[in-house]
Amino acid sequence: MIEMQEEARVRFTNQSSKGNQLKFLKNNIWYKSDYTGYEGLAEYVVSEFLKRSTLDSTEYVTYRTEEINYAGTRFLGCSSNNFLEEGAQIITLERLYGNVTGDSLYKTVWGYSDVPAERLKFLVDAIEKITNIDNFGKYLAKMLTIDGLFYNEDRHFHNIAVLMNPPEKFSLCPFFDQGASLFADTRIDFPLDGYIYDFYDKVRAKTIASNFDDQMDAAEKLYGDTIKFSVSSHDIEEIFDADTLYSENVKKRVKDVLYHQKSRYGYLFHCFSEKN
């Protein structure tokens, strides 16, 4: 268990709709407590899948599950190394676009067209024009694939960011903040005693469409296949066995979701091979 004091707590004025977790920075490591359910487990599991993908290790943040004690209360959660270099900042797309144009990126993108691929192309062109980042479309396509596979329901424009180094030199941000994935919100939207097959119909995307498949189709149409996974049943069991903090019923539910998604999106697991 990691002990946290008040001086390690970091407070943010702008939180996402499901991001109101306690956050701490200690010894250049970020710690986040669970807020709506099992966000820490979701962060850990998604990052373990990304380790077993075609992504380079610099493209994503690796998470570990953690037990945190703060103000006499025990929390489960996760930790990750601080990836920000000295002087660098994270700036969300919503804030970036607003600073430059004075308009809301969300309202502009969603008002631009009813076609997800057209929304995505507009978004990519706008951000590339502002930042001079090459291949931002490929980057977003990878993100939308990850979000679709793991049902990240909190990926709006306040939750997509780029890195800004002085003087306003922009670069891609590693993929992070997957805590709203895998039906982690057990407090309100996806209770543990709920029927999981109802959740598949209920969950909604928030980036360029409300349907995850529509987002993934748009990304693949514009940018092709962007990410593949090599994860066996043995790997999945190993990932969950390595965690000793979360309950077995929570881990079983997450495993059920993963096996369901692997079956649906078999083409993402083209290098999948059973070890058992």
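Everything discussed here concerns the structure shown above.
1. What to know about the packing of aromatic side chains
Working definition: an aromatic ring pair is given by the centre-to-centre distance plus the angle between the planes.
Right, on to step 1. A full pass over the atoms with the stated rule returns 20 aromatic pairs.
Right, on to step 2. Centre to centre, the rings of Phe49 and Phe150 are 5.4 Å apart; their planes meet at 85°, and the pair counts as edge-to-face. One end of the pair, Phe49, is in helix α1 (residues 39-51); the other, Phe150, is in helix α5 (residues 136-150), with 101 residues separating them in the sequence.
Right, on to step 3. Overall, the relative accessible area of 2% leaves Phe49 in the buried class.
Right, on to step 4. Aromatic pair Tyr197 and Tyr200: ring centres 5.4 Å apart, planes at 70°, arrangement edge-to-face. Of this pair, Tyr197 and Tyr200 both sit in helix α6 (residues 196-202), three residues apart, roughly one helical turn.
Right, on to step 5. Tyr197 sits in the partly exposed class, given a relative accessible area of 46%.
Right, on to step 6. These aromatic residues form a ring-pair network of at least three members: Tyr151, Phe183, Phe190, Tyr195, Tyr197, Phe199, Tyr200 and Phe212.
Right, on to step 7. Just above the ring of Trp110 sits the side chain of Arg119; from NZ or CZ to the centre is 4.2 Å.

2. So, the pairing of strand β2 (residues 23-26)
For a regular strand, the rule is simple: side chains alternate between the two faces of the sheet.
Right, on to step 1. Here β2 runs beside strand β3 (residues 29-33); their pairing, made up of four bridges, is antiparallel. Bridge pairing in β3 links Lys26 to Ile29.

3. A look at the sheet that holds strand β6 (residues 89-92)
Right, on to step 1. Pairing is antiparallel across the open sheet formed by three strands, whose spatial order is β6-β7-β8. Edge positions in the open sheet fall to β6 and β8 (169-172), since each of these has one partner strand only. Recorded for the sheet is a direction-independent mean angle of 40° between the axes of neighbouring strands.
Right, on to step 2. As paired elements, strand β7 (residues 161-165) and β8 share four bridges and run antiparallel to each other. Bridge pairing in β8 places Val162 opposite Leu172.

4. Section: the packing of helix α2 (residues 93-101) against helix α4 (residues 116-131)
Right, on to step 1. One way to put it is that α2 packs onto α4 with a least axis distance of 11 Å and a crossing angle of 65°. Regarding the angle of α2 to α4, the classification is roughly perpendicular. The element α2 and its partner α4 pack so that their crossing is left-handed. Of α4, the residues touching α2 (which contributes Leu93, Leu96, Tyr97 and Val100) are Phe122, Leu123, Ala126, Ile127, Ile130 and Thr131.

Rules used throughout
- Residues numbered from 1 in each chain as written.
- Predicted model: local features only at pLDDT ≥ 70, side-chain atom pairs only at ≥ 80, totals over all residues.
- Heavy atoms only, no water.
- Phe/Tyr/Trp six-rings, centres within 6.5 Å; stacked < 30°, edge-to-face > 60°.
- Helix = DSSP H or I, 4+ residues; strand = E, 2+ residues; numbered from the N terminus.
- Buried < 20%, exposed > 50% of the residue type's maximum accessible area, 1.4 Å probe, protein only.
- Lys NZ or Arg CZ within 6 Å of the ring centre and 35° of its normal.
- Pairing = 2+ DSSP bridges.
- Axes fitted to C-alpha atoms, helices over the stretch in contact; angles between N-to-C directions.
- Parallel < 35°, antiparallel > 145°, perpendicular 65-115°, else oblique.
- Left-handed = near helix turned anticlockwise from the far one by under 90°.
- Contact = heavy atoms within 4.5 Å.

Note that all results are geometric; they support no functional claim without further evidence.
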